Amino acid sequence: MPNIKILPTSLRNKISAGEVIERPASVVKELLENSIDAQSTKIEINIIGAGRKLIRVADNGCGMDSEDVLIAFERYATSKISSEADLYNIKTLGFRGEALSSISAVSKMRVFTGLNLQHEASDYSLFGTFIEIISGKIKEVKACSALGTTIEVRDLFFNTPARRKFLKSDTTENHHIIDIVTKEAIAQPHIAFELIMDDQDVLRLPQASSERERLLQIFGKEFLDRLLEANAEYGQISIKAFISDRTNFRGNRNNQFIFINKRTVRDQAITHAIYKSYDLLIPHDKHPIFLIFININPELVDFNVHPTKKEVRFKDKSLLFNYIIKTLQEVISTSHYNTEYLLKIPDNQMASSSLTVQDYSLSSQPPHTIAESMPLYSPDYPDIVPSIYLGETFVAIPFKDGLSIIDYHAAHERIVYEKLLKKFEIQSIRLLFPLNIRLDTVKYKTIIEHLELLNEFGFEIEDFGHGSVIVRGLPVFLGTNDMQSLLSDVAGLLRDVKEINDNTISDELDSVRRKLAAKIACHSSIRGKEVPDNRILAGLLKDLSLTESPDICPHGRPTRIEISLTSLRKMFKK
């Protein structure tokens, strides 16, 4: 008896579903792409139970007739391509004909569809079709009134309990769905999107006239005002990009989007080209925001290289790489520093021997003097220490046995970090003029879910609805400038931690607090363009001497490097 056998169709479909349908967000993505390919101008998405119970996608697209709808759920059934040559000239988002069969194999589906030939009718067609499919098998077909297509997916993975068991929490799955809808909405500004989750409006985006208007709808004016816009055309390739200005870098990669022919993709070469465009402007451990829209002749790109079409292959990647660098460098080189967003710390306070990190006012003039040597990190420092500014965030300070190179940003981070962890020492101030901060939907929901944790660090934040929060109070050492960037980075961190483990326990919660403290400390610390004078350095070193780990910043990097006199003698061959 042979050991090799051909698998039954139902099992083959479930295996195929495992490649295409990873989680509820995968279903949403495939259904949205079908709606977009159907030339819809409005798409409504309704989610219940994080997509486990219900995913409903309704559009006003061209719809299907009764014959097409019966064929559409067969594997490899598609209207997008008909020959091998078409694979190298893809003009639609979908083309393989796998999505509907894969989804129907692991769910209970109902479809209402009717032809919308003119896209102008306002009444339901009397010649629509209803079809019900369970586990890939058609259970009922009948006539109905419909215009466009509505697809309902219920009880996802009900017949594959192992797959269902590996889904994350409702919060995490909802965030993935919001991510997918947001990306499709950015790529398709001419389409109106509505996303409803558990009977609550999450996204309501009317049709936009351009990518800029769509970004304004999603991210808000403050976010958009700090982006540079670049446009260029090179024969069969056009590039439009919205990228960080010279002062607008983040601590994570959350706001980075690449669209090729309106399709969201990942591409390391394109990402590398964007980073290279900034040359040496990006600080260590920081990342630019970018949304880059590339339209290219479909014959020059292969979309058929990844199961979920997240990656592509270009006919001439180096050419595109050079075009991106040229386009972005032109706009970066002609832009100016946006000094409005540089951190400003009040200078009406004097540094003390406690961790009063708000006291480090900044001077625009670098220090230049060297005086009598002294021990490093002594609480008995004089009010002024001799120093030489070396550039970036480095100063040189003499001490009794040699020379110490101080990274004052890292040192300030350590002070703020330990103060945040000693929650009883945190002092908050209420803002005379509360800040209204607009965030994208995922970050907004993440902040709202962690208000209690943020309150522990001295924040007073309220939900303002529709993607906005009101900041009424802050820790005293934190400036109000660039609060949108801080909350965005904090939300990204909290979401990443949530992804690692949905069931947080006390030890992990302590780890979250430490990571959050490090993130806030980084944002609030003295920056490279803010040179502290000798008086400020004295206060910084006094406070650093009182920390538990004065030699390293919260990220594990050194706050200082010492060069002894013995080492100096060796360097000079003495």
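These lines cover the structure that appears in this document, whether it is placed above or below. Please read these numbers as outputs of a predicted model, since none were measured by experiment.

1. Considering helix 16 (residues 534-545)
Next up, step 1: Its 12 residues give helix 16 an end-to-end C-alpha distance of 17 Å, which sits within 8% of 16 Å, the value for a rise of 1.5 Å per residue.
Next up, step 2: Among the 12 residues of helix 16, 11 are classified as buried, and the element is accordingly described as predominantly covered.
Next up, step 3: Within the span of helix 16, buried status applies to Asn-534, Ile-536, Leu-537, Ala-538, Gly-539, Leu-540, Leu-541, Lys-542, Asp-543, Leu-544 and Ser-545.
Next up, step 4: Buried positions along helix 16 lie against strand 19 (394-399), strand 20 (402-407) and helix 11 (408-421).
Next up, step 5: Of the residues that open helix 16, the one with a side-chain oxygen 3.1 Å from the backbone nitrogen of Arg-535 is Asp-533.

2. Side note on a nonpolar patch on the surface
Next up, step 1: Among the surface-exposed residues, Leu-70, Ile-71, Ile-138 and Val-141 lie close enough to one another that they form a single nonpolar patch of about 330 Å² accessible area.
Next up, step 2: Mapped onto the elements of the fold, Leu-70 is located in helix 3 (residues 66-71).

3. Quick notes on the pattern of salt bridges
Next up, step 1: What the rule picks out here adds up to 28 salt bridges.
Next up, step 2: A salt bridge links Arg-430 to Glu-460; its shortest N-O distance comes to 2.5 Å. Highlighted residues: Arg-430 in strand 21 (residues 428-438) and Glu-460 in strand 22 (residues 460-465), separated in sequence by 30 residues.
Next up, step 3: For Arg-430, a relative accessible area of 57% gives the class exposed.
Next up, step 4: Here Glu-562 makes a salt bridge to Arg-560, at a shortest N to O gap of 2.0 Å.
Next up, step 5: We classify Glu-562 as partly exposed; its relative accessible area is 37%.
Next up, step 6: A cluster of three or more residues bridged by salt bridges with shared partners is formed by Lys-42, Glu-44, Glu-194, Asp-201 and Arg-204.

4. Side note on the environment of Asp-279
Next up, step 1: Within the secondary structure, Asp-279 is located in the loop between helix 9 (268-277) and strand 14 (287-288).
Next up, step 2: Between the C-alpha atom of Asp-279 and that of Ile-325, which follows or precedes it by 46 residues, the distance is 9.9 Å.

5. Quick look at the packing of aromatic side chains
Next up, step 1: Scanning the entire structure with this criterion turns up eight aromatic pairs.
Next up, step 2: A centroid spacing of 4.5 Å and a plane angle of 20° characterise the contact between Phe-219 and Phe-223, whose relative ring orientation is stacked.
Next up, step 3: Look at Phe-219 and you get buried, because its relative accessible area is 3%.
Next up, step 4: Phe-223 sits in the buried class, given a relative accessible area of 3%.

6. As for the nonpolar core
Next up, step 1: By size, the foremost hydrophobic cluster in this structure holds 57 residues, and its most contacted members are Ile-45 and Leu-291.
Next up, step 2: Residue contributions to this core peak at seven residues, all from helix 6 (residues 170-187).
Next up, step 3: Leu-291 has contacts with Ile-186, Leu-215, Phe-219, Phe-223, Leu-227, Lys-240, Ala-241, Phe-242 and Phe-257, leaving out every residue within four places of it along the chain.
Next up, step 4: In this structure, Ile-90, Ile-237, Phe-290 and Ile-294 belong to the second largest nonpolar core, which totals 35 residues.

7. Side note on the sheet that holds strand 23 (residues 468-475)
Next up, step 1: Pairing in this open sheet of three strands is antiparallel, and the strands run 21-23-22 from one edge to the other. In the strand order of this sheet, the two ends are held by strand 21 and strand 22, each with one partner. Averaged over all pairs of adjacent strands, the angle between their axes in this sheet comes to 15°, without regard to strand direction.
Next up, step 2: Taken together, the five bridges between strand 22 and strand 23 define a ladder with antiparallel strand orientation. Across the sheet, residue Ile-461 finds its bridge partner in strand 23, namely Val-471.

8. Observations concerning the environment of Lys-80
Next up, step 1: Mapped onto the elements, Lys-80 comes out in the loop between helix 3 and helix 4 (99-105).
Next up, step 2: For Lys-80, a relative accessible area of 26% gives the class partly exposed.
Next up, step 3: Expressed as a C-alpha distance, the spacing of Lys-80 and Arg-96, which sit 16 residues apart in the sequence, is 8.0 Å.
Next up, step 4: Sequence-distant contacts of Lys-80, defined by excluding residues within four places in its chain, comprise Asn-34, Asp-37, Thr-92, Gly-94 and Phe-95.
Next up, step 5: A polar contact is formed between the side chain of Lys-80 and the side chain of Asp-37, at a distance of 2.9 Å.

9. What about the sheet that holds strand 18 (residues 388-391)?
Next up, step 1: Read across the open sheet, the four strands follow the order 18-19-20-24; overall the sheet is antiparallel. The sheet is open, and its two borders are formed by strand 18 and strand 24 (560-564), each paired with just one other strand. Each strand of the sheet is rotated relative to its neighbour by a mean of 25°, with strand direction disregarded.
Next up, step 2: Two strands pair when backbone bridges link them, and strand 18 and strand 19 are joined in this way by three bridges, in the antiparallel orientation.

10. Some words on the packing of helix 2 (residues 24-37) against helix 6
Any two packed helices are characterised by how steeply their axes cross, that is the angle between the axes, and by the distance between the axes.
Next up, step 1: Relative to each other, helix 2 and helix 6 sit at 20°, their axes nearing to 8 Å. As the angle between them shows, helix 2 and helix 6 are arranged roughly parallel. As helix 2 runs across helix 6, the sense of the crossing is right-handed. For the pair helix 2 and helix 6, contact is made by Pro-24, Ala-25, Val-28, Lys-29, Leu-32, Glu-33 and Ile-36 and by Glu-173, His-176, Ile-177, Ile-180, Val-181 and Glu-184, respectively.

About the cut-offs
Residues numbered from 1 in each chain as written. Predicted model: local features only at pLDDT ≥ 70, side-chain atom pairs only at ≥ 80, totals over all residues. Heavy atoms only, no water. Helix = DSSP H or I, 4+ residues; strand = E, 2+ residues; numbered from the N terminus. Expected span 1.5 Å × (residues − 1). Buried < 20%, exposed > 50% of the residue type's maximum accessible area, 1.4 Å probe, protein only. Contact = heavy atoms within 4.5 Å. Polar contact = N/O pair within 3.5 Å; in protein donor to acceptor, adjacent residues only side chain to side chain. Patch = residues over 30% accessible without salt bridge, like charges linked within 9 Å, V, L, I, M, F, W, Y side chains within 5 Å. Areas by Shrake-Rupley, 256 points an atom, 1.4 Å probe, with all protein chains shown as cover. Salt bridge = Lys/Arg side-chain N within 4 Å of Asp/Glu carboxyl O. Phe/Tyr/Trp six-rings, centres within 6.5 Å; stacked < 30°, edge-to-face > 60°. Core = buried A, V, L, I, M, F, W, Y, C linked by side-chain atoms within 4.5 Å. Pairing = 2+ DSSP bridges. Axes fitted to C-alpha atoms, helices over the stretch in contact; angles between N-to-C directions. Parallel < 35°, antiparallel > 145°, perpendicular 65-115°, else oblique. Left-handed = near helix turned anticlockwise from the far one by under 90°.

Note that every value here comes from positions in space, so none of it alone points to a role or purpose.
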